[in-house]
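Report on the structure
Given next are the chains, with one letter for each unit.
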Amino acid sequence: MEGGRRIIKVGEGDDLRKVEKDVLVPKIMKEKSMERCREFVKAFENCARGRLISVLWACQVPNKDMQNCLNTLYRDEEFQKECTEEYLRQREEYRRTGIKKKKH
């Protein structure tokens, strides 16, 4: 532990704090997975639009397809590594310039 913070080693010279590993990297994973599963997300959104309770049974198939796509990505070690590396690049850029990455 360093200064009360738990440090997690990712690779050569890349340290991730617990909050980075548990919150910030998963945030990138969510953003990227929603982009990659856009077709399934859109199908679910279209099905759910205008529904309240009936979404539970009316949209089971689109929801299952969307969840399968998202869960497949979340479990993919290469995808996790890609998102971690993206976070490390963003963090390094911020440390170098002091400017946060703008949302697209």
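Predicted, not measured: the structure shown is a model, and the values here were computed from it. (Residues numbered from 1 in each chain as written. Predicted model: local features only at pLDDT ≥ 70, side-chain atom pairs only at ≥ 80, totals over all residues. Heavy atoms only, no water.)

A word on the confidence of the model for the protein chain. Looking at the protein chain as a whole, its pLDDT mean stands at 88, while 84% of the residues score no less than 70. Counting interchain partners and residues more than four positions distant, the pLDDT-below-50 stretch residues 7–13 has 13 contacts. (pLDDT = per-residue confidence, 0-100. Contact = heavy atoms within 4.5 Å.)

There is a patch of nonpolar side chains on the surface, built from L52, I53, L56 and W57 and spanning about 540 Å² of accessible area. Among the structural elements, W57 can be located in helix α3 (residues 55–58). (Patch = residues over 30% accessible without salt bridge, like charges linked within 9 Å, V, L, I, M, F, W, Y side chains within 5 Å. Areas by Shrake-Rupley, 256 points an atom, 1.4 Å probe, with all protein chains shown as cover. Salt bridge = Lys/Arg side-chain N within 4 Å of Asp/Glu carboxyl O. Helix = DSSP H or I, 4+ residues; strand = E, 2+ residues; numbered from the N terminus.)

Core analysis: the biggest nonpolar cluster contains 14 residues, and L16, V25, M29, C37, F79, C83 and Y87 have the highest contact counts within it. When residues of this core are traced back to their parent elements, those giving at least two are α1 (18–36), α4 (60–75) and α5 (77–97). Setting aside its immediate chain neighbours within four residues, C37 contacts C69, L70 and L73. (Core = buried A, V, L, I, M, F, W, Y, C linked by side-chain atoms within 4.5 Å. Buried < 20%, exposed > 50% of the residue type's maximum accessible area, 1.4 Å probe, protein only.)

What follows is about α5. Since the α-helix turns once every 3.6 residues, residues separated by three or four places project in the same direction. Along its 21 residues, α5 runs 30 Å from first to last C-alpha, staying within 8% of the 30 Å computed at 1.5 Å per residue. Listed as buried for α5 are F79, C83, T84, E86, Y87, L88 and R91. Of the residues flanking the end of α5, it is G98, one or two places downstream, whose phi is positive at about 80 degrees. (Expected span 1.5 Å × (residues − 1).)

Tallying each qualifying case throughout the model produces two disulfides. Note on cysteine connectivity: C37 is disulfide-linked to C69, with sulfurs 1.9 Å apart. Residues C37 and C69 are joined through a disulfide that is left-handed, its torsion about the S-S bond being -85 degrees. Taken together, the positions of C37 in the loop between α1 and α2 (38–48) and C69 in helix α4 put the pair 32 residues apart, joining distant regions of the chain. Across this residue pair, the class does not change: C37 and C69 are buried. A sulfur-sulfur separation of 2.0 Å characterises the disulfide bridge that pairs C47 with C59. Disulfide C47-C59: the torsion about the S-S bond is -95 degrees, which places it as left-handed. Pair noted here: C47 is in helix α2 and C59 is in the loop between α3 and α4, with a separation of twelve residues, a long-range link. Considered together, C47 and C59 belong to a single accessibility category, that of buried residues. For the protein chain, the bonded cysteines connect in the pattern 1-4, 2-3 when numbered consecutively along the sequence. (Disulfide = S-S within 2.5 Å.)

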